[in-house]
Amino acid sequence: MKINFKYILMCFGVATIGLTSCASNKSSKKIVYKKVESKQPTKPVESTQTTIPTTPKTELPNKKDEVFTVKLPEVNREFRAAWVASVANINWPSKKDLTTTQQKDEAIKLLDMLEANNFNAVIFQVRPAADALYKSNFEPWSYFLTGEEGKAPSPYYDPLEFWVEEAHKRGIELHVWLNPYRAHHISGGPVTSESMVKRSPSNVVRLKNGMYWFDPADKKTQDHVSEVVRDIVSRYDIDGVHFDDYFYPYASYNGGADFPDNSTWNVYKNNGGTLSRADWRRQNVNTIIERIYKEIKAEKPFVKFGISPFGIWKPGYPAGITGSSQYDELYADAKLWLNKGWVDYFSPQLYWPINSTGQSFPKLLEWWKSENTHNRHLWPGLNTVEVKVSDRTTEITNQVKMAGEILQNNVGVIHWSIAGLTKNPSMLSYLKEGPYKTKALVPTMNWIKADRLAKPSLSVNAKASEVVMNWNDYKMNSNISKWILYTRYNNDWETSILDKTKTNQTILKHKDGKSLTAVALKAVDRLGNESDYVAQKIN
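For clarity, every value in this text was computed on a predicted model and none was experimentally measured.

A.B. asks: Talk me through unusual backbone geometry; I want residue IDs and the actual numbers.
C.D. replies: In this structure, Pro 155 follows Ser 154 across a cis peptide bond, with omega equal to -5°. Structurally, the position occupied by Pro 155 is in the loop between helix H3 (143-146) and helix H4 (159-169). Residue Ser 417 follows Trp 416 across a cis peptide bond; omega there is -20°. Tracing the chain through its elements places Ser 417 in the loop between strand E12 (412-415) and helix H13 (419-422). The backbone of Asn 89 shows a phi angle near 55°, a positive value even though the residue is not glycine. Phi at Tyr 331 is positive, roughly 55°, even though this residue is not glycine. Tracing the sequence through the fold places Tyr 331 in the loop between helix H9 (326-329) and helix H10 (334-340).

Dropping the structure here:
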């Protein structure tokens, strides 16, 4: 029988296509077929030509992809803070029986004042005496908040949470201020079953002035302070933790008598301890300072740790300085903490005038600067509310300026207290018209490692008389805390520090006889580090 090969090949091709079509129906990928023509095999021929390499075609850059580069000015940096004390209702809340609405209104008024006068940080006392102005897992609600220890605000709110949120809305850092060892203040109402005095009696002692104090040597005390700090750091979006000058109490608190710590001292001696009693006490405080610093960094590296010790380490340091010795009376070796770098910022309370002979403001600041071997930030505390001079406003303004001249880089101060600002309008106007004339970023802390922020995405829409800028939402990166907006009129740059929630800005194309020629933008993280800039030329 004669076989028709042409017919068989044709049938085979149809069958193959059919099978392939069935398979393709089961696949989500689109398969593209190409027609393949068969050719008769040919004998390979050796080439006698030399292959000449081809040069790839060079493409001209797209103008849209060109990067516009500029030289931007340095942004102003300075730490400008004020203490807000809650103990004895010194600053906030002003009374212990205010309603929730009244407390919030007072807080907003204080923060609005700080923002309007170009401050960038607030040191808020949340634990005045082993109590809490927040929902604590370890200590009772503060008497200074509601007039009753252990009683929550009603209607309920969390004051610390509120302060953090409202401060950040205004571009202000919030540092929580805690007193590590005070267990009960004489203005804190009766000692009730809610008090830590009753809840932890084995490591609390009573002083002759009616205050109660945790024994710094007791491990139970050390562990409790650690738990309180870590609890706040882990649960709240704070920027810093702050201790003041109270370690072992001032001698006057106990009528000049020695601190009553015989129990823990005897345990130490019986276990073979060889230090003197004074050195042992200093070691107890040193241990908690180092521990708190390291535990904060382990929990949230970006949270800063600051201390504001008494302004004099010892009389005679530097020469000519007289007064109390925190080293001998409070058992606080603050010089060691600075020498060891156990802080991110250090704020000795230099509460004396510039021209004081025994406690000279500039001499003490220069001495503390000489001890700053780890180059931490040195931001002195100023007695804005009651420095003993005839013209307080001029004195404090001059101290702010003098601190800048002495420290030169990464300058700043903390004002004790916010009442020195709210109750003295001339103080605010002098600062606002002088050293605080423009906004400033908090100085960076290059010893704290942080991932660099990405360059912002910027779009610019130029109109007839204005330019509309839009950029990416801060919610895309929770580390963004602020934006720096740069505008160039002719050849002169202007700088604006904007809140992180800002995502657009409209800018005039002509101002003061000058024309807008360029704009630029940077993101800033919560440590003050700047991203690379994005810039655009304006025609």
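A.B. asks: Which residues make up empty space enclosed by the protein, and what are the values?
C.D. replies: Using the criterion set out here, one finds one cavity of 30 Å³ or more in the structure. Roughly 50 Å³ of volume is contained in the largest cavity. Forming the boundary of the largest cavity are Ala 129, Asp 131, Tyr 143, Phe 144, Glu 149, Ala 183, His 184, His 185 and Gly 188. In terms of residue class, the lining of the largest cavity is built from four nonpolar, three polar and two charged.

A.B. asks: Provide a residue-level description of the sheet that holds strand E4 (residues 182-184), including the pertinent values.
C.D. replies: The sheet built from three strands is open, its strands ordered E4-E6-E5 with antiparallel pairing. Only two strands of the sheet have a single partner each, and these edge strands are E4 and strand E5 (204-206). Across the sheet, the axes of successive neighbouring strands diverge by a mean angle of 35°, strand direction being ignored. In the sheet, E5 pairs with strand E6 (residues 212-214) via three bridges, with the strands oriented antiparallel. Across the sheet, the residue bridging to Val 205 is Trp 213, located in E6.

A.B. asks: Break down helix H7 (residues 262-270) for me, with residues and values.
C.D. replies: By the burial criterion, the buried members of H7 are Thr 264, Trp 265 and Tyr 268. Take H7 and look down its axis: the buried residues cluster within an arc of 100°, on one side only. Set apart from the buried face of H7 by more than 90 degrees, the exposed residues are Ser 263 and Asn 270. Close packing links the buried residues of H7 with helix H8 (277-299). Gly 272 lies just past H7 and shows a positive phi near 95°.

A.B. asks: With reference to specific residues and values, describe the pattern of salt bridges.
C.D. replies: This structure, assessed with the given rule, holds 26 salt bridges. Its salt-bridge partner being Glu 139, residue Arg 127 comes within 2.7 Å of it at the nearest N-O pair. Of this pair, Arg 127 sits in strand E2 (residues 121-127) while Glu 139 sits in the loop between E2 and H3, and the two are twelve residues apart along the sequence. Across the pair, exposure class does not vary: Arg 127 and Glu 139 are buried alike. Between Arg 526 and Asp 239 there is a salt bridge; the shortest N-O distance is 3.0 Å. One end of the pair, Arg 526, is in the loop between strand E19 (514-525) and strand E20 (534-537); the other, Asp 239, is in the loop between helix H6 (219-235) and strand E7 (240-243), and 287 residues separate them in sequence. Taking relative accessible area as the criterion, Arg 526 reaches 16% and is therefore assigned buried. Residue classification places Asp 239 among the buried positions, given a relative accessible area of 6%.

A.B. asks: Give a description of the nonpolar core that names residues and reports values.
C.D. replies: Within soluble globular proteins, side chains that are nonpolar generally end up buried alongside one another. Judged by nonpolar contacts, the single largest core of 105 residues is most densely connected at Trp 163 and Val 241. The leading source of residues in this core is H8, at seven residues. Discounting residues that sit within four places of it in the chain, Trp 163 has contacts with Val 84, Trp 92, Ala 107, Leu 110, Leu 111, Val 122, Phe 124 and Leu 174. Counting residues in each nonpolar core, the second largest holds 19 residues, with Leu 453, Met 469, Val 519 and Leu 521 among its members.

A.B. asks: Before we move on, can you summarise the sheet that holds strand E17 (residues 504-508) with the specific residues and values?
C.D. replies: Strand order in the open sheet formed by three strands is E13-E14-E17, and the pairing between neighbours is antiparallel. On the outer flanks of this sheet lie strand E13 (458-462) and E17, each paired with one strand and no other. Strand after strand, the sheet turns through a mean of 20° between neighbouring axes, direction not considered. Pairing of strand E14 (residues 466-471) with E17 involves five bridges; the strand directions are antiparallel. Opposite Asn 470, over in E17, you have Asn 504 as the bridge partner.

A.B. asks: For the packing of helix H2 (residues 100-116) against H4, give the residues involved together with the corresponding values.
C.D. replies: At a closest axis distance of 10 Å, the pairing of H2 and H4 adopts a crossing angle of 30°. With respect to H4, the axis of H2 lies roughly parallel. Seen along the crossing, H2 lies across H4 with a hand that is right-handed. Contact with H2, carried on its side by Lys 104, Ala 107, Ile 108, Leu 110 and Leu 111, involves Phe 162, Trp 163, Glu 166 and Ala 167 of H4 and no other residues of that element. Of the residues in the contact of H2 with H4, the class split is seven nonpolar, no polar and two charged.

A.B. asks: Hey, could you go over the environment of Lys 300 for me, with residue numbers and the actual values?
C.D. replies: Relative to the elements of secondary structure, Lys 300 occurs in the loop between H8 and strand E8 (304-307). Setting aside residues no more than four positions away along its own chain, Lys 300 makes contact with Val 233, Ser 234 and Tyr 236.

Thresholds applied
- Residues numbered from 1 in each chain as written.
- Predicted model: local features only at pLDDT ≥ 70, side-chain atom pairs only at ≥ 80, totals over all residues.
- Heavy atoms only, no water.
- Helix = DSSP H or I, 4+ residues; strand = E, 2+ residues; numbered from the N terminus.
- 1 Å grid on protein atoms, 1.4 Å probe; cavity = no way out; pocket = protein on both sides within 12 Å on 5 of 7 lines; lining within 4 Å.
- Points joined across faces, edges and corners; volume = space filled by probe spheres on them.
- Nonpolar A, V, L, I, M, F, W, Y, C, P; charged D, E, K, R; others polar.
- Pairing = 2+ DSSP bridges.
- Axes fitted to C-alpha atoms, helices over the stretch in contact; angles between N-to-C directions.
- Buried < 20%, exposed > 50% of the residue type's maximum accessible area, 1.4 Å probe, protein only.
- Arc of directions from axis to C-beta.
- Contact = heavy atoms within 4.5 Å.
- Salt bridge = Lys/Arg side-chain N within 4 Å of Asp/Glu carboxyl O.
- Core = buried A, V, L, I, M, F, W, Y, C linked by side-chain atoms within 4.5 Å.
- Parallel < 35°, antiparallel > 145°, perpendicular 65-115°, else oblique.
- Left-handed = near helix turned anticlockwise from the far one by under 90°.

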